[in-house]
Amino acid sequence: MWFEVIIIGGGAAGLFCAAEAGKRGRSVAVIEHSEKVGKKILISGGGRCNFTNIQTNSNNFISQNRHFCKSALARYTPQDFVKLVEKHSIEYYEKKLGQLFCLDTSRRIVQMLEDECLQANVKIRTNCEVKSVRKIENGFQLETTDGTFEGQNLVIATGGLSFPKAGATGFGLNLARQFGLKIVEPRPSLVPLIFAELKGFDSLAGISHEVKTDFAGESFRENILFTHRGVSGPAILQISNYWRPDEAVEFNLLPDENARELLLDNRRSRQELVNFLSQRLPARFAEKFCAEFAPSKPLNQLSNAEIERLTLLLNNWQVKFHQTEGWHKAEVMLGGVSTDELSSKTMAAKRVKGLYFIGEVMDVTGWLGGYNFQWAWASAFAAAQAV
C-alpha cells in the first residue's frame, strides 16, 4: 500500500499531524501498535486532559537548543488549538497558571482528533506493529504485522519512554539511531524524586504543602506531596526537569514569610515551637521536622544560634535526592532525537530526505501544565505543512 505520508504513532502528535496533512490533500496512514489510539491522552490530566497552556512560550521548554521550538510555537499557538476545541463544542476551563482542561473527559480530545482524521480521509491502522523500516528510492518501506506499507514521507510520532504501561517504547529512538541520527541521552522527567539521606519521612506519605522550590536558577511555587520514598507534587515534578543526582534541591517551606523575622517577633511567646510551626505547616510534618532538626521548646527559650538555624531550615531547606521514581512514574522523557539533526521549521531530518520527528521523541521537553501537549500540536502542524 502506497501513501504520500505514513505516520508511526497514534498519539496526540501523530493524529493531529495526520489530520492536518490530510486537509492538504495528502494520502495519509497512521500506524499504531496498540489496540486503540490516544492512550496517553486518555490518562492525562487526571482523565481531563490538560490540552494546552495559554501562557506558552519558548522559556517553558528544555532542550540543548533552547531556540529550536520558537518557530513551530509561533506558527501554531494555544489559541489556534482552542479554536479547534471550540469548533468541536468541547467545554473547557482554566485551572490555574494558564492550564486548560476538558470540563468533561479527555476522551473528547481523542474523539476530536479521530473525527478530524476521518474528515481528512486518513487511514488509521491499530494493532499494527512495525517490524522494519528501510529507505527506498522514492521514500520508505515498512514491514508490519498488517502487511507492507510504502510512503514518500515518514513521520515518527511515537513519543518517549514514559508510561510504558500505556504502550510507550523506544521505537522512535531506535529508528533515529538506525538512520545515524544523534540522540541526547534520555531520562525520566516530570517525575517524583527519591530521598538520598532523609530517613523516616515515609510516615508523611500523602501530606501536601505549598512551597517554593529552587534548583540551578530555576524556581517554582507549587505544592509538594510526600511519598513513601521521597517527594512528588507539581513543584518537584517541575524541578525534576533540571535536577541532577545527589545535588540538593532548595525548599522554602514558608514562601510568604521571613522565618527569622517571624521567630524574632514571637520570641517572648511561651508557645512550643512544634505548635507554632503547626499553624503554618501540616501538623505531622511540623512534628517530624522538629524531631529531626530542632527539638521543640518554648519560643522564648530559643537561642540566637537556634533561630539562625531554623531560619535556614524553614526558608532554605536543602534536600538531596539520589534518583527518580523511573519511567513508570515519569510523565515525559527528557532528551531524545537531537534538534541538531532536525529543521526547526519543518521537523525534517536534515540528512534523511522525507523523514520527520514530532512531539516527545525529540529533545524538546515542556514544563508541567499543558506545555508538552502544545509542543505536540505545534511540531505536528509544522511537519504537516511540509510533508
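Preceding block: the structure.
Each value, and the rule that gives it
- Per chain, residues are indexed from 1 in the order of the written sequence.
- Side-chain atom pairs in this predicted model are given and counted only at pLDDT of 80 or more, local residue features only at pLDDT of at least 70, and totals for whole chains, interfaces and linings cover all residues.
- Calculated side-chain values reflect all of the structure's heavy atoms, with hydrogen atoms and water omitted.
- Two strands are counted as paired when DSSP detects at least two bridges linking them.
- In this description a helix means any DSSP run of H or I spanning at least four residues, a strand means any run of E spanning at least two, and both kinds are numbered starting from the N terminus.
- Each residue gets one of three labels from its accessible area relative to the maximum for its type: buried under 20%, exposed over 50%, partly exposed in between, using a 1.4 Å probe on protein chains only.
- Here, two residues are considered to be in contact whenever any of their heavy atoms come within 4.5 Å of each other.
- Polar contacts here mean pairs of N or O atoms no more than 3.5 Å apart (in protein, one a potential hydrogen donor and the other a potential acceptor; neighbouring residues in sequence count only if both atoms are side-chain atoms).
- To get an axis, fit a line to the C-alpha atoms, keeping to the stretch in contact for a helix; angles then go from 0 to 180 degrees between the N-to-C directions.
- Starting at the helix axis, one direction is taken to each C-beta atom, and the arc is that of these directions.
- Throughout this description, the term salt bridge denotes a Lys or Arg side-chain nitrogen within 4 Å of a carboxyl oxygen of Asp or Glu.
- Here is the rule for angles: anything less than 35 degrees is roughly parallel, anything more than 145 is roughly antiparallel, 65 through 115 is roughly perpendicular, and the remaining ranges are oblique.
- Handedness of a helix crossing follows the sense of rotation of the near helix relative to the far helix, less than a right angle counterclockwise being left-handed and clockwise being right-handed.
- Each residue receives one of three labels: charged for Asp, Glu, Lys and Arg, nonpolar for Ala, Val, Leu, Ile, Met, Phe, Trp, Tyr, Cys and Pro, and polar for the others, Gly being one of them.

### Some words on the pairing of strand β10 (residues 147-156)
Then step 1. Relative to β10, strand β1 (residues 2-8) is paired through 6 bridges, and the arrangement is parallel. From the neighbouring strand, tryptophan 2 faces β10, where its bridge partner is glutamate 150.
Then step 2. When strand β9 (residues 139-144) meets β10, the two strands line up antiparallel, connected through 5 bridges. When the bridges of β10 are listed, glutamate 143 appears paired with threonine 148.
Then step 3. Taking the residues that link successive antiparallel strands as the turn, the β9-β10 hairpin has 2 residues.
Then step 4. By the bridge criterion, 3 bridges tie β10 to strand β19 (residues 355-357) in an arrangement that is parallel. Note that in β19 the partner of leucine 154 across the bridge is leucine 355.

### Description of the environment of serine 343
Then step 1. Within the secondary structure, serine 343 is located in the loop between β18 (332-337) and β19.
Then step 2. We classify serine 343 as partly exposed; its relative accessible area is 21%.
Then step 3. Expressed as a C-alpha distance, the spacing of serine 343 and serine 34, which sit 309 residues apart in the sequence, is 29 Å.
Then step 4. Residues contacting serine 343, with those up to four places away along its chain left out, are Phe68, Ala348 and Lys350.

### Looking at the environment of phenylalanine 289
Then step 1. On the secondary structure map, phenylalanine 289 appears in helix α10 (residues 283-293).
Then step 2. The spacing of phenylalanine 289 and threonine 346 is 57 residues in sequence and 52 Å in space, taken between C-alpha atoms.

### Description of the side chain of threonine 52
Then step 1. Tracing the sequence through the fold places threonine 52 in strand β3 (residues 50-53).
Then step 2. Judged by its relative accessible area of 0%, threonine 52 is buried.
Then step 3. At 2.6 Å, the side chain of threonine 52 and the side chain of glutamine 374 are in polar contact.
Then step 4. If we ignore the near neighbours within four places in the chain, the residues touching threonine 52 are Pro78, Val82, Gly98, Gln99, Leu100, Gly369, Gly370 and Gln374.

### Focus: unusual backbone geometry
Then step 1. We note that leucine 97 has phi near 50 degrees; this positive angle belongs to a residue other than glycine.
Then step 2. Residue classification places leucine 97 among the partly exposed positions, given a relative accessible area of 47%.

### Remarks on the sheet that holds strand β17 (residues 317-324)
Then step 1. Reading around the circumference, β12-β15-β14-β13-β16-β17 is the order of the 6 strands in this closed barrel, with antiparallel pairing throughout. Going across the sheet, the axis of each strand differs from the next one's by a mean of 50 degrees, ignoring polarity.
Then step 2. Both strand β13 (residues 208-215) and strand β14 (residues 218-226) contribute to a ladder of 8 bridges, which runs antiparallel. Bridge pairing links threonine 213 to phenylalanine 220 in β14.
Then step 3. Those strands touched by helix α11 (residues 304-315) are β16 (248-252) and β17, and its axis lies near 100 degrees from that of β16.

### Comments concerning helix α6 (residues 171-178)
Then step 1. Residues Gly172, Leu173, Leu175 and Ala176 constitute the buried set of α6. Projection of α6 onto a plane perpendicular to its axis shows the buried side chains occupying an angular sector of 160 degrees, all on one side.
Then step 2. Of the residues flanking the end of α6, it is glycine 180, one or two places downstream, whose phi is positive at about 80 degrees.

### Some details on the pattern of salt bridges
Then step 1. For the coordinates displayed, the defined rule picks out 20 salt bridges.
Then step 2. The residue arginine 125 makes a salt bridge to aspartate 146 at a minimum N-O spacing of 2.9 Å. A residue pair is termed long-range when its members are at least 10 positions apart, and arginine 125 in strand β7 (residues 123-125) and aspartate 146 in the loop between β9 and β10 qualify at 21 residues.
Then step 3. Judged by relative accessible area, which is 36%, aspartate 146 ranks as partly exposed.
Then step 4. The structure contains a network of salt bridges with shared partners spanning Glu20, Lys23, Lys87 and Glu116.

### Brief notes about the packing of helix α1 (residues 12-23) against helix α5 (residues 107-119)
Then step 1. Interaxial distance between α1 and α5 falls to 8 Å at its minimum, and their mutual angle equals 30 degrees. By the angle class used here, α1 and α5 are roughly parallel. Viewed along their axes, α1 and α5 form a crossing whose handedness is left-handed. Taken together, the residues of α5 that come into contact with α1 (itself represented by Ala12, Leu15, Phe16, Ala18, Ala19 and Lys23) are Leu113, Glu116 and Cys117.
Then step 2. The residue inventory of the contact of α1 with α5, partitioned by class, reads 7 nonpolar, no polar and 2 charged.

### Focus: the packing of α1 against helix α12 (residues 371-384)
Then step 1. Orientation of α1 relative to α12, taken along the N-to-C sense of each, is 35 degrees, at an axis distance of 8 Å. Read as a crossing pair, α1 and α12 show a hand that is right-handed. For the pair α1 and α12, contact is made by Ala12, Ala13, Phe16, Cys17, Glu20 and Ala21 and by Phe373, Ala376, Trp377, Ala380, Phe381, Ala383 and Ala384, respectively.
Then step 2. Of the residues belonging to the contact of α1 with α12, the class tally is 12 nonpolar, no polar and 1 charged.

### Observations concerning the sheet that holds β3
Then step 1. Sheet architecture is open: 3 strands sit in the order β3-β6-β5, paired in antiparallel fashion. The open sheet has two edge strands, β3 and β5 (92-94), and neither has a second partner. Direction aside, neighbouring strands of the sheet carry axes that sit 25 degrees apart on average.
Then step 2. Two elements, β3 and strand β6 (residues 99-102), share 3 bridges in a ladder whose sense is antiparallel. Across the sheet, the residue bridging to asparagine 53 is glutamine 99, located in β6.
Then step 3. Its contacts with the sheet place helix α4 (residues 78-87) against β3, β5 and β6, and it is angled at close to 140 degrees to β3.

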